[in-house]
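Coordinate inspection notes
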Amino acid sequence: MRIERVIIEDASELLLIYAPYVLNTAVSFEYVVPAPEEFQTRIIHISSKYPYIKAVDNGEISTLQAKCSSGNGLSWSELGKGIDAS
């Protein structure tokens, strides 16, 4: 698994991950899934000020569940390893 910067072409794939949170949970303040164009605009604005990253596994965007080192998965200190800064 690699950690890479999000690009605007990732919007549709990221929406597939984000949509269930909007539609089925209370963790988002949104009630309607944003359109891909709106999500692309958000990527541009957020990326201009803050790191916007994605977990990539076998060439596909993956959900990343960070856990402490004593558990399975990545620790918080390991998140910075392998970031593609290109």
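Everything discussed here concerns the structure shown above.
Since the model is a prediction, treat every value here as computed from it, not as a measurement. (Residues numbered from 1 in each chain as written. Predicted model: local features only at pLDDT ≥ 70, side-chain atom pairs only at ≥ 80, totals over all residues. Heavy atoms only, no water.)

As for the nonpolar core
By size, the foremost hydrophobic cluster in this structure holds eight residues: Val6, Ala11, Leu14, Leu15, Phe39, Ile43, Tyr52 and Ile61. Only helix 1 (11-24) and helix 2 (36-47) provide two or more residues apiece to this core. Sort the elements by how many residues they give to this core and helix 1 lands first, with three residues. (Core = buried A, V, L, I, M, F, W, Y, C linked by side-chain atoms within 4.5 Å. Buried < 20%, exposed > 50% of the residue type's maximum accessible area, 1.4 Å probe, protein only. Helix = DSSP H or I, 4+ residues; strand = E, 2+ residues; numbered from the N terminus.)

Description of unusual backbone geometry
Positive phi, close to 55 degrees, is recorded for asparagine 58, a residue that is not glycine. The exposure class assigned to asparagine 58 is exposed, which follows from its relative accessible area of 74%.

A closer look at the pattern of salt bridges
In this structure the tally under the stated criterion is four salt bridges. In this structure, glutamate 30 and arginine 42 form a salt bridge, with 2.8 Å as the shortest nitrogen-oxygen distance. With a gap of 12 residues between them, glutamate 30 in the loop between helix 1 and helix 2 and arginine 42 in helix 2 connect regions that are remote in the sequence. Owing to a relative accessible area of 25%, arginine 42 belongs among the partly exposed residues under this scheme. A salt bridge links arginine 42 to glutamate 38; the nearest nitrogen and oxygen atoms lie 2.9 Å apart. In this pair, arginine 42 and glutamate 38 are both assigned in helix 2, four residues apart and thus about one turn of the helix distant. Salt bridges linked by common partners bring Glu30, Glu38 and Arg42 together as one network. (Salt bridge = Lys/Arg side-chain N within 4 Å of Asp/Glu carboxyl O.)

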